[in-house]
Amino acid sequence: MIVEEFKSKYSKKLIVKKMWDWGWKYYVTTGVLTQSGGLIDDLWRPVISNVKCLMSNVLILGLASGTLAKIINKKFKSAKITGVEIDPVMIEIGKKYFDLDKIPNLKILNIDAEKYSPKERFDLVLVDLYLGDKPPSFLYSHKYLKKLRKMGKLVIINHLFYDSRKRENAEKLIKKLGKYFKDIKLRRILTNVMIICE
């Protein structure tokens, strides 16, 4: 059921929908793919539940409306979370429908992930960067991957993996990541591959 539609410079149109799942739950879609809520929870929750180390500071690149921040806050209650999101409309949706501004220890930065250069190193960096069904091109650059390595001890990248083009792009990314990370593990979840780098 459509609740509200928004115009976005980055995603063109964002649609907030709600569905019944033992109570009404919201999710955000571009009309094609879910951007926040719903399936995003199903993708990230099993990966985060397998993170065994204590995380005191976490960076989310591609905060969207806060689904991943809620998962992190539930697992690591005292962790400081920095969420980077380029789209102010997505942040507005997050505050209106997902209580984004009520997530404890969350600092929201409305900036481009490509330009973000933190001074601190994070225990965990989660990369969920999409414009529609494509990650931004900078995610595949050696310059950005080297920067990602410096940002965090453990980096997890969500990449679509449901057709030959997306699989090919994911495989190229994994190969490039091998230059910057000693240990790379892959986990298939639904139509995606989670690339876990240490």
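Please read these numbers as outputs of a predicted model, since none were measured by experiment.

What follows covers a nonpolar patch on the surface. Taken together, the side chains of Met1, Trp20 and Trp24 present a nonpolar region at the surface, about 420 Å² in accessible area. Positionally, Met1 belongs in the segment before β1 (2-8). Judged by its relative accessible area of 56%, Met1 falls in the exposed class.

Going through the model one piece at a time under the given rule, you end up with 10 salt bridges. The shortest N-O distance in the salt bridge between Lys172 and Glu168 comes to 3.4 Å. Placement of the pair is Lys172 and Glu168 together in helix α5 (residues 164-177), with a separation of 4 residues, close to one helical turn. Look at Glu168 and you get partly exposed, because its relative accessible area is 36%. The closest approach of N and O atoms between Lys185 and Asp183, which form a salt bridge, is 2.7 Å.

A separate point is the side chain of Asp128. Here Asp128 lies in the loop between β8 (122-127) and α4 (142-151). Arg45 provides the closest opposite charge to the buried, salt-bridge-free Asp128, at an N-O distance of 13 Å. A polar contact is formed between the side chain of Asp128 and the side chain of Trp44, at a distance of 3.1 Å. Separated by 2.8 Å, the side chains of Asp128 and Asn158 make a polar contact. Look past the residues within four positions of Asp128 in its chain and what remains in contact with it is Ile40, Trp44, Leu61, Gly62 and Asn158.

With that settled, consider the sheet that holds strand β10 (residues 184-189). Sheet architecture is open: 7 strands sit in the order β7-β6-β5-β8-β9-β11-β10, paired in mixed fashion. Two strands lie at the open edges of the sheet, namely β7 (106-109) and β10, each paired on one side alone. Each neighbouring strand pair of the sheet contributes to a mean axis angle of 15°, computed without reference to strand direction. Examined bridge by bridge, strand β6 (residues 80-84) and β7 share 4 bridges and lie parallel to one another. Bridge pairing links Val84 to Leu109 in β7. Contacts from α5 reach β9 (152-160), β10 and β11 (192-197) within the one sheet, and its direction differs from that of β9 by about 165°.

Those residues of helix α3 (residues 88-97) lying buried are Val89, Met90, Ile91, Ile93, Gly94 and Tyr97. Structurally, α3 contributes buried residues whose contacts are with β1, β2 (12-20), β3 (24-29), β4 (34-37) and β7. The N-terminus of α3 is capped by Asp87, whose side-chain oxygen sits 2.9 Å from the backbone nitrogen of Val89.

Turning to the packing of helix α1 (residues 39-49) against helix α2 (residues 67-75), a few remarks are in order. Axis separation between α1 and α2 bottoms out at 10 Å; the angle between their running directions is 30°. In terms of orientation, α1 lies roughly parallel with respect to α2. In the crossing of α1 with α2, the sense of the turn from one axis to the other is right-handed. Residues Ile40, Asp41, Trp44, Arg45, Ile48 and Ser49 of α1 form the contact with α2, whose participating residues are Thr67, Leu68, Ile71, Ile72, Lys74 and Lys75.

The next point concerns unusual backbone geometry. With phi around 65°, Lys12 is a residue other than glycine that occupies positive phi space. Residue placement: Lys12 occurs in strand β2. Phi is positive for Ala64, close to 55°, though the residue is something other than glycine. Exposure remark for Ala64: the relative accessible area of 8% places this residue in the buried category.

Criteria and cut-off values
- Residues numbered from 1 in each chain as written.
- Predicted model: local features only at pLDDT ≥ 70, side-chain atom pairs only at ≥ 80, totals over all residues.
- Heavy atoms only, no water.
- Patch = residues over 30% accessible without salt bridge, like charges linked within 9 Å, V, L, I, M, F, W, Y side chains within 5 Å.
- Areas by Shrake-Rupley, 256 points an atom, 1.4 Å probe, with all protein chains shown as cover.
- Salt bridge = Lys/Arg side-chain N within 4 Å of Asp/Glu carboxyl O.
- Helix = DSSP H or I, 4+ residues; strand = E, 2+ residues; numbered from the N terminus.
- Buried < 20%, exposed > 50% of the residue type's maximum accessible area, 1.4 Å probe, protein only.
- Lys, Arg positive; Asp, Glu negative; His and termini not counted.
- Polar contact = N/O pair within 3.5 Å; in protein donor to acceptor, adjacent residues only side chain to side chain.
- Contact = heavy atoms within 4.5 Å.
- Pairing = 2+ DSSP bridges.
- Axes fitted to C-alpha atoms, helices over the stretch in contact; angles between N-to-C directions.
- Parallel < 35°, antiparallel > 145°, perpendicular 65-115°, else oblique.
- Left-handed = near helix turned anticlockwise from the far one by under 90°.

That's the geometry; what it means functionally is another story.
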